[in-house]
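Single-letter residue listing:
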Amino acid sequence: MELTLELPGSPPRSSRVRIGEDILENLPESLSSRWEGSRIFWIWDRAVHALWHPRLREMGWRPSSEDEWILFPASESNKRLSQLEELARRLVRAGADRRSVLVAVGGGVTGDVVGFLASVYMRGIPHCQVPTTLLAQVDSSIGGKTGVDLPEGKNLLGTFHQAHSIWMDIRFLETLPPEEFRQGMAEVIKTAMIGDPSLWEYLESHSEDVRSRRSESLLRVVSSCCRLKARVVEADERESGYRMVLNLGHTVGHALEKTTGYAFRHGDAVAVGMAAAARISLNRGELSMKNLQRLESLCRFWGLPTTLPGGSPPDEILAALSADKKRFLGVNHFVLPRAMGEVTVRSDIALEEVRDVLRAMSSS
Ligand SMILES: NC(=O)c1ccc[n+]([C@@H]2O[C@H](COP(=O)([O-])OP(=O)(O)OC[C@H]3O[C@@H](n4cnc5c(N)ncnc54)[C@H](O)[C@@H]3O)[C@@H](O)[C@H]2O)c1
């Protein structure tokens, strides 16, 4: 399957997304012919390289002898400016110039760092993404957000820089540890909840097929998520309004990650955040109890939490909410579900409403 992200602007830009199984065979040749005369620098998550390079070679992968390979020890603790500088210096030493192209092969960390690097290296060079985690395939590789962390918080430095093309091969998910798959499922559930009722029903009716990673199920899930994300990004690339819907579960989720010193993982935090948003919506009479229960039950199937972890006092989470970088003019924007596949963005949520819900979630 192929879809194109059309981005308005002057000149308009586009990003090609290819989704499938065994689509990587021709990637090196495709890139060499598209970028004829340019050198291609592949920046791999080192762990993915160790697992996949031998298999790709067996499949007949023959990158050009001009290409350069750089291994990056991808982890959230390495998603830092210091790593960006280290990678940039390696590019300079290897002779990368303004016509060079970067290819990120790895999960969201690799994609965010390489995207950032491409956006600033010699004032900006093209890059492509080869996402290898579920989270990167359904979310982070699409949309052009790049970034690195500061000790004060995640993704505080970053740019918008759209990938020229994105190559998603679901075969990468064969080696993804179950814990990483589970984390990615939180973003899948989020996407269905935002705007895809048919994906939601599919997740409920085919949960075992997705869990056993059947190819057709993975293709269904990944392509639906990509289509929705592409639609949202095309409408609002820079998150000046509509793109905010992608933050469902992230307002409380970010606060929870922060208060736990990022010990609580992102997917888990988003699941708790979605449950909190759903309860606020329920209390306002905008979501039915049945739909709240459907959300909680699907999260539970995936082992995703829907109550606050022990040792996370609601007041600490509320304090962290006030420091959220997505506050505009001192107001927290909340994305609230109204039904499976339908959300609304609200900025009139009182802190007391959030406190009530967090208290209920810490005792239930
Ligand atoms: N740019 C965006 O729009 C956006 C959106 C959501 C999240 N993110 C960012 O994405 C990051 C999280 O991404 P992630 O969950 O992919 O993390 P990650 O890149 O750290 O990958 C998770 C783990 O899986 C391993 N891995 C990757 N592919 C594998 C494979 N095929 N087989 C076996 N192991 C594999 C990695 O080595 C790593 O240990 C966060 O930094 C977050 O801020 C960005």
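Anyway, here's the lowdown on the structure attached to this text. (Residues numbered from 1 in each chain as written. Predicted model: local features only at pLDDT ≥ 70, side-chain atom pairs only at ≥ 80, totals over all residues. Heavy atoms only, no water.)

Let's talk about the environment of A277
As for its position among the elements, A277 is in helix α11 (residues 266–283). Accessibility expressed as a relative area gives 2% for A277, which makes it buried. Separated by 80 residues in sequence, A277 and V357 have C-alpha atoms that sit 8.7 Å apart. Not counting residues up to four positions away in its chain, the partners in contact with A277 are L248, V335, L336 and P337. (Helix = DSSP H or I, 4+ residues; strand = E, 2+ residues; numbered from the N terminus. Buried < 20%, exposed > 50% of the residue type's maximum accessible area, 1.4 Å probe, protein only. Contact = heavy atoms within 4.5 Å.)

With respect to the packing of helix α10 (residues 250–259) against helix α13 (residues 314–322)
Following both chains from N to C, one finds α10 and α13 inclined at 110°, their axes separated by 8 Å at the closest point. The orientation of α10 with respect to α13, classified from their angle, is roughly perpendicular. In this structure, α10 crosses over α13, and the sense of that crossing is right-handed. Residues T251, V252, A255, L256 and T259 of α10 touch α13, and the partners they reach there are E316, I317, A320 and L321. In terms of residue class, the contact of α10 with α13 is built from six nonpolar, two polar and one charged. (Axes fitted to C-alpha atoms, helices over the stretch in contact; angles between N-to-C directions. Parallel < 35°, antiparallel > 145°, perpendicular 65-115°, else oblique. Left-handed = near helix turned anticlockwise from the far one by under 90°. Nonpolar A, V, L, I, M, F, W, Y, C, P; charged D, E, K, R; others polar.)

Remarks on the pattern of salt bridges
Following the criterion strictly, the structure yields 28 salt bridges and no others. Among the ionic pairs, K154 bridges to E257, the shortest N-O distance being 3.3 Å. With K154 in strand β8 (residues 153–157) and E257 in helix α10, this residue pair connects regions lying 103 residues apart in the sequence. Given a relative accessible area of 22%, K154 falls into the partly exposed group. Residues R355 and D315 are paired through a salt bridge, measuring 3.3 Å at the closest nitrogen-oxygen approach. Of the two residues, R355 is situated in helix α14 (residues 351–363) and D315 in helix α13; the sequence distance between them amounts to 40 residues. R355 gets classed as partly exposed once you look at its relative accessible area, which sits at 23%. Under the relative-accessibility criterion, D315 is labelled partly exposed at 42%. A network of salt bridges, in which partner residues are shared, links E179, E180, R182, R265 and D268. (Salt bridge = Lys/Arg side-chain N within 4 Å of Asp/Glu carboxyl O.)

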